[in-house]
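What follows is the residue order along each chain.
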Amino acid sequence: MKIRTLIGATAITSLLLALPSPAQTQGEDPIQDSVGAAHDAWNAATGRDWRLNRSAELGGAGRFLWGASRPASFTPQDDQDWFELARIAFDEAYGIFGIADITLQPVSVEYLPLGQIGSTDKMSVEFVQVVRGVPVMQASVHALFAMNGDLLALYNNALPGGESLNVRPAASLWEAA
C-alpha cells in the first residue's frame, strides 16, 4: 500500500512540475514583455497602430516596425539630416529594438524612386552596428521615410544591447602572434 501511495504521489508531483507555473502563464519572457510595453507606448505616442514583428534570433526584440507613419520633427535637406532623423527614430524606439545610438555608424542614404511603379518615392537610411570600433558581423538597421521626412518603417538586424559587449582582446598582440 505504501508503494502505491509513493508511486501515485511521485506521478502527481511529476505532472505538477510539468505544468507551467502561474508566472509562466501570465506573461512571456521579461524582455519580450518589455518589448510589448515599448510597442504599446510607441503606438500611444504616435496615436497610430504600428505593427511589430519580433525575432527569436534577437532575443525577442523587434525586427520590423511598420504599418503607420510618424511625422518628422524637421524637414530633411541633405544626407546628414536623413541620418539624424533615423537616429532620432531608433533612439525613440530603443525599448522595441534595444539598439543604442552610440553603436550606429552611418552607411548610406538612398533615394527610392517608387513613384515610377505607382507608389510614392521614399528615402532609405542604413547604419551598421559597431561596438567600440569593432564591427558586428552582418548587423545593420534601416529606416524608411516619406520624402517629407515622415517615418514609415524601421528594420533591425543588429544585436540588441550590443553597447555592453566586452570587445577587449583576451590576448595581447604578442600572445596572439
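Basis of the calculations
Residues numbered from 1 in each chain as written. Predicted model: local features only at pLDDT ≥ 70, side-chain atom pairs only at ≥ 80, totals over all residues. Heavy atoms only, no water. Pairing = 2+ DSSP bridges. Helix = DSSP H or I, 4+ residues; strand = E, 2+ residues; numbered from the N terminus. Axes fitted to C-alpha atoms, helices over the stretch in contact; angles between N-to-C directions. Contact = heavy atoms within 4.5 Å. Core = buried A, V, L, I, M, F, W, Y, C linked by side-chain atoms within 4.5 Å. Buried < 20%, exposed > 50% of the residue type's maximum accessible area, 1.4 Å probe, protein only. Salt bridge = Lys/Arg side-chain N within 4 Å of Asp/Glu carboxyl O.

1. Some points on the sheet that holds strand β6 (residues 151-156)
Phase 1 of the analysis: Strand order in the open sheet formed by six strands is β1-β2-β6-β5-β4-β3, with antiparallel pairing between adjacent strands. Looking at the sheet topology across the chains shown, the edges are occupied by β1 (51-54) and β3 (104-112). Neighbour-to-neighbour, the strand axes of the sheet open up by a mean angle of 15 degrees, direction not taken into account.
Phase 2 of the analysis: Bridge count for β3 against strand β4 (residues 122-131) is eight bridges, and the pairing is antiparallel. By the bridge assignment for β4, Y111 is matched with M123.
Phase 3 of the analysis: On the sheet, helix α4 (residues 79-92) packs against β2 (62-70), β3, β4, β5 (134-146) and β6 and is oriented at approximately 115 degrees with respect to β3.

2. Section: the nonpolar core
Phase 1 of the analysis: With 29 residues, the main nonpolar core has V125, F145 and L154 as its most contacted residues.
Phase 2 of the analysis: Put simply, the parts of the chain that give this core at least two residues each are α3 (30-46), β2, α4, α5 (94-97), β3, β4, β5 and β6.
Phase 3 of the analysis: Looking at this core element by element, the count peaks at six residues for α4.
Phase 4 of the analysis: Beyond its immediate sequence surroundings of up to four residues, L154 is in contact with W42, R63, F64, L65, A89, F90, A93, F97, H142 and A143.

3. Considerations on the pattern of salt bridges
Phase 1 of the analysis: Inspection of every chain in the model, using the stated rule, returns three salt bridges.
Phase 2 of the analysis: As a salt-bridge pair, R63 and E57 come within 2.7 Å of each other at their nearest N and O atoms.

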